[in-house]
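Listed below are the residues making up each chain.
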Protein chains: 2
Amino acid sequence: MRIAAKSAGPDGDEALRRAKRADFTDVRANNLGFVLRQVRVEGRCSRADLAAKTGLNKATVSSLVAELIERRVLRESGSVIGNIGRPAVLLSVDSGYYASIGVEVNVDYMALVAVDLAGNRLLSWRRAHDGAGSSAGRSVSAIAGLAKRAVDKMDAEGRQILGLAVAVPSMIDHKGVVRNAPRLGWTDFDLASRLRSAMRDPQYAVSVDNDANLGAVAEQRFGAWADMSNMIYLTGEIGLGAGLIIDGELRRGAAGFAGEFGNLFVEIDGSIGRVEDLASIRTALIELSEAEDINSTEVEAEVEDIVTRARAGEDRVIAVLERMGRALGAGIALAVDLLNPEVVVLGGHYQALSPWLLPAAEAELGSRAFAPESGGVEVVVSSLGHEAPALGAATGILNDIDAGRMPTPLGR
Amino acid sequence: MRIAAKSAGPDGDEALRRAKRADFTDVRANNLGFVLRQVRVEGRCSRADLAAKTGLNKATVSSLVAELIERRVLRESGSVIGNIGRPAVLLSVDSGYYASIGVEVNVDYMALVAVDLAGNRLLSWRRAHDGAGSSAGRSVSAIAGLAKRAVDKMDAEGRQILGLAVAVPSMIDHKGVVRNAPRLGWTDFDLASRLRSAMRDPQYAVSVDNDANLGAVAEQRFGAWADMSNMIYLTGEIGLGAGLIIDGELRRGAAGFAGEFGNLFVEIDGSIGRVEDLASIRTALIELSEAEDINSTEVEAEVEDIVTRARAGEDRVIAVLERMGRALGAGIALAVDLLNPEVVVLGGHYQALSPWLLPAAEAELGSRAFAPESGGVEVVVSSLGHEAPALGAATGILNDIDAGRMPTPLGR
């Protein structure tokens, strides 16, 4: 047996790493976010309740609450008689002042959702948009036009805009540059900057993120499986992307490129290929139409047609959908082995096709995943549907505030 | 355009989820951990420095420091003349009182590492152990025997044991049950409980975790890439497993089963299969020996022999290793597309074989990954080698303390 007692050499590296982590930690900001989240949990509560719940002393709580009211994040809403007879002022989230706007641009439609600070939807718009057929400039104008209508509406209600976030079916880098959106014809396109100019450099932040990431954010906060900390959200639009919620947070990876689920390699009925090539909506549309490629402006109508034909029991349609489901299940099994999620949520058009996709996917997952009982994962259908990415874009801004990055009311 | 203004229905779900998260948050514990991490960063510092660095007020800092000293986590170590002339007492991590013990059991060896609270190695032992040939009971006795020798040595030095953690090449559930370790012949084996009894129910915690998870923990804290927040660690023992560091933390998945990298499906030179079947050390040993299966007690000698033959330029050996490297690179490309890590660390025997594996793996990764420049990932060789899992087992206990789960000195 070799015995050695050496000191851990790279304490320098460790110190460096810890320093980096410490830089990100601001106790005051953390505590502001923590108090806000507590009020969300309680609905309405007093400063004394908050001190009891958070373990912070009453002076600290009062100072934190004062700042949150100053920032129009919390408001006082009535009072109750406390247990020792003195009236206690109740606090709740101030849902009346701010609005957060999320937009999704895809190859066949645009969607916009606005929410208040309590997460209530203020606007939920959807309209056809030929993203594939439009130039990048035309798409920027269309997004800006839709966003401006929402901003004007919020202005008219006296609401301050917290931010505008746009969901795009593409790898997006940390600067908001669209790296590669083949179906939109965008490569290394700085959508965030272009949109900022088109909106005349507004005071609020304009950001861009991947549609699957934002769909996952929406599902985690508003979906039927919102209490799950480990979730994989799969977009079911023309392409197939994944948003990863791991230990309660969206995980983007080092450069923002995480979630390329569609590249996983699977073997189904003797044919081998990428999950996206075997299980995307695009694949179904091409296989079930006589067309060479899809007509991106007709996607919804064509999906509805497929549903009708499947309901009517058309063998070929059902066979194609079940094969898609098996490929999806085989890909999910690989992701489950690597990440062990609690739930995999099928979004977009997968919802309408789920009666045929889901049983096939579940069977394949069960027979392929290595973990006992597939690690306990459930494959489910989105409860938010096509609204998820735009809702997630609006929601991400609320999550930043909950994390302690507090907004500043104008004119303060 | 459809216009709808509906309220976000499942606010109840949201409240429920937030409540769960809030339960995990204890401000006092967070702040204790935060102060400890600050002292680690600074090395030696005064209470005033800590107040300045953390943004906590001096009274709070003094109360936190008093508890940390009481718990033997920090100690006062001399003083300096402060800038306004009054001497300031300096604080540092108390490396003299506690010891944390990590053990790795594998098919051909056992390793043990003990560290103090500052992360200095107190013990680093390794010995041959026929894990494949031994019964589960024999292995438990062997682990307990090795651990007891370390515990006695620490007792003799007057050190209190923080915990004993064991690394096993297997899926481990959250209860410390070994679900499936085929090479050790263990299935649903409650190693943690068995070991606790063999150690006569000690006061410190006895835990079990996956070897790849713990290797990743060691690399993150002590490895040459310790400042990376997104890392995939690949074990290079007889099998092939992965530990995932995502956004600075080890991610175990919902049930503790994350990291089954070896099941990813790749195609290399026309042959298709699981990465583990194409790129594990076991594969090389079988292909390059006349044996039907490996002799688990000879793994190190056989790997050394392969290195010698490769250095001597033996074509068949080099071809097998390069093919392994390509399969490894193809698998890494899939994990990179899904997780976008900054670094992939090759552990265990991959270190010795890296001159032949690494160039092939990098070439394959570069040609297959979807993200631009493979998302900036580097494939590197472990700087900790075979010691990583045992060191990680000991280190995980320190990480818990840094996170605010403070130890209690005996007799307090």
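Values in this document were obtained by computation on a predicted structure and should not be read as measured data.

J.: Help me understand the overall build of chain A in this model?
T.: On a plain count of helices and strands, chain A comes out with 13 helices and 19 strands. Scaling as 2.2 N^0.38, a compact globule of 412 residues should have a C-alpha radius of gyration of about 22 Å, and chain A matches this with 24 Å. Referenced to the eigenvectors of the C-alpha coordinate spread, the extents of chain A come out at roughly 75 × 75 × 45 Å. Per-residue burial over chain A gives 59% buried out of 412 residues. Long-range contacts, defined as pairs at least 24 residues apart, comprise 66% of the intrachain contacts of chain A with a sequence gap of at least 6.

J.: When you look at the sheet that holds strand β10 (residues 178-181) of chain A in this model, what are you seeing that I'm missing?
T.: Strand pairing in a sheet relies on backbone hydrogen bonds. The paired strands run either parallel or antiparallel. All names here are of chain A. The sheet built from three strands is open, its strands ordered β9-β10-β11 with antiparallel pairing. Looking at which strands have only one partner, the edges of the open sheet turn out to be β9 (171-172) and β11 (186-189). Across two bridges, the pairing between β9 and β10 is antiparallel. Looking across to β10, one finds that Ile-172 is bridged to Val-178.

J.: Is there a simple way to explain helix α9 (residues 281-288) of chain A in this structure?
T.: One turn of the α-helix equals 3.6 residues, which is why residues spaced by three or four share an orientation. Buried residues of α9 of chain A: Ile-281, Thr-283, Ala-284, Leu-285 and Leu-288 of chain A, and no others. Looking at the buried positions of α9 of chain A, the neighbouring elements they touch are α8 (275-279), α10 (299-311), α11 (315-339) and α12 (350-368) of chain A.

J.: I keep staring at the packing of α10 of chain A against α11 of chain A and nothing clicks. Help me out?
T.: What describes two packed helices is the angle between their axes and the distance between those same axes. Residue and element names in this part refer to chain A. Here α10 crosses α11 at 115°, and the two axes come no closer than 8 Å. Accordingly, the angle class assigned to the pair α10 and α11 is roughly perpendicular. Judged by the sense of rotation from one axis to the other, the crossing of α10 with α11 is left-handed. Across the interface between the two elements, Ile-306, Arg-309 and Ala-310 from α10 touch Arg-316, Val-317, Ile-318 and Leu-321 from α11. In terms of residue class, the contact of α10 with α11 is made up of five nonpolar, no polar and two charged.

J.: In this structure, what is going on with unusual backbone geometry? I would like to understand it.
T.: If a residue is not glycine, its phi is most likely negative; likewise, a peptide bond is most likely trans. Phi at Arg-72 of chain A takes a positive value of approximately 65°, unusual for a residue other than glycine. Mapped onto the fold, Arg-72 of chain A is located in the loop between α4 (58-70) and β3 (74-81). Phi angles above zero are rare outside glycine, and Ser-374 of chain B is one such case at about 50°. Within the fold, Ser-374 of chain B resides in the loop between α12 (350-368) and β19 (378-381). By relative accessible area, which is 9% here, Ser-374 of chain B ends up buried.

J.: Is there a simple way to think about the packing of aromatic side chains in this case?
T.: Geometry of an aromatic ring pair is reported as the spacing of the ring centres plus the angle between the planes. In this structure the tally under the stated criterion is five aromatic pairs over all chains. For the pair Trp-186 of chain A and Phe-189 of chain A, a centre-to-centre distance of 5.1 Å together with 50° between the ring planes defines the contact as tilted. Comparing Trp-186 of chain A with Phe-189 of chain A, the two get one shared label, buried. Arranged with centres 6.3 Å apart and planes meeting at 35°, the rings of Phe-265 of chain A and Phe-265 of chain B form a pair that is tilted. Taken together, the residues Phe-265 of chain A in strand β16 (residues 265-268) and Phe-265 of chain B in strand β16 (residues 265-268) connect one chain to another.

J.: How do you make sense of the pairing of β10 of chain A when you look at a structure like this?
T.: A regular strand places its side chains so that they alternate between the two faces of the sheet. Residue and element names in this part refer to chain A. Between β9 and β10, which pair antiparallel and follow one another directly, the connecting turn spans five residues, one of which, Gly-176, has a positive phi of 85°. As defined by bridge partners, β10 adjoins β11 across three bridges and the pair is classed as antiparallel. By the bridge assignment for β11, Val-178 is matched with Phe-189.

J.: Just checking my understanding: could you explain the environment of Ser-271 of chain A for this structure?
T.: All names here are of chain A. Looking at the element boundaries, Ser-271 is found in strand β17 (residues 271-274). Separated by 43 residues in the primary sequence, Ser-271 and Met-228 place their C-alpha atoms 34 Å from one another. The contact partners of Ser-271, leaving out residues within four places of it in the chain, are Val-266, Leu-278 and Arg-323.

J.: So what exactly am I meant to see when it comes to the domain arrangement of chain A here?
T.: Size of an interface, as often reported, equals the accessible area lost when the parts are brought together. All names here are of chain A. According to the domain assignment, chain A contains domain 1 (2-93), domain 2 (98-216 + 390-402) and domain 3 (225-383). The C-alpha-based centres of domain 2 and domain 3 are spaced at 25 Å. Residue-level contacts link 20 residues of domain 2 with 25 residues of domain 3. Across the domain 2 to domain 3 interface the summed buried area is about 1,800 Å²; carbon plus sulfur atoms make up 55%. When the buried surface of domain 2 facing domain 3 is broken down by residue, Met-171, Arg-183 and Asn-213 rank first, second and third, together holding 29% of it. The tally of links between domain 2 and domain 3 comes to two salt bridges.

Thresholds applied
- Residues numbered from 1 in each chain as written.
- Chains lettered and ligands numbered in written order.
- Predicted model: local features only at pLDDT ≥ 70, side-chain atom pairs only at ≥ 80, totals over all residues.
- Heavy atoms only, no water.
- Helix = DSSP H or I, 4+ residues; strand = E, 2+ residues; numbered from the N terminus.
- Rg over C-alpha atoms; globule rule 2.2 N^0.38 Å.
- Buried < 20%, exposed > 50% of the residue type's maximum accessible area, 1.4 Å probe, protein only.
- Contact = heavy atoms within 4.5 Å.
- Pairing = 2+ DSSP bridges.
- Axes fitted to C-alpha atoms, helices over the stretch in contact; angles between N-to-C directions.
- Parallel < 35°, antiparallel > 145°, perpendicular 65-115°, else oblique.
- Left-handed = near helix turned anticlockwise from the far one by under 90°.
- Nonpolar A, V, L, I, M, F, W, Y, C, P; charged D, E, K, R; others polar.
- Phe/Tyr/Trp six-rings, centres within 6.5 Å; stacked < 30°, edge-to-face > 60°.
- Domains from an automatic or database assignment.
- Buried area = accessible area lost by both parts, 1.4 Å probe.
- Salt bridge = Lys/Arg side-chain N within 4 Å of Asp/Glu carboxyl O.

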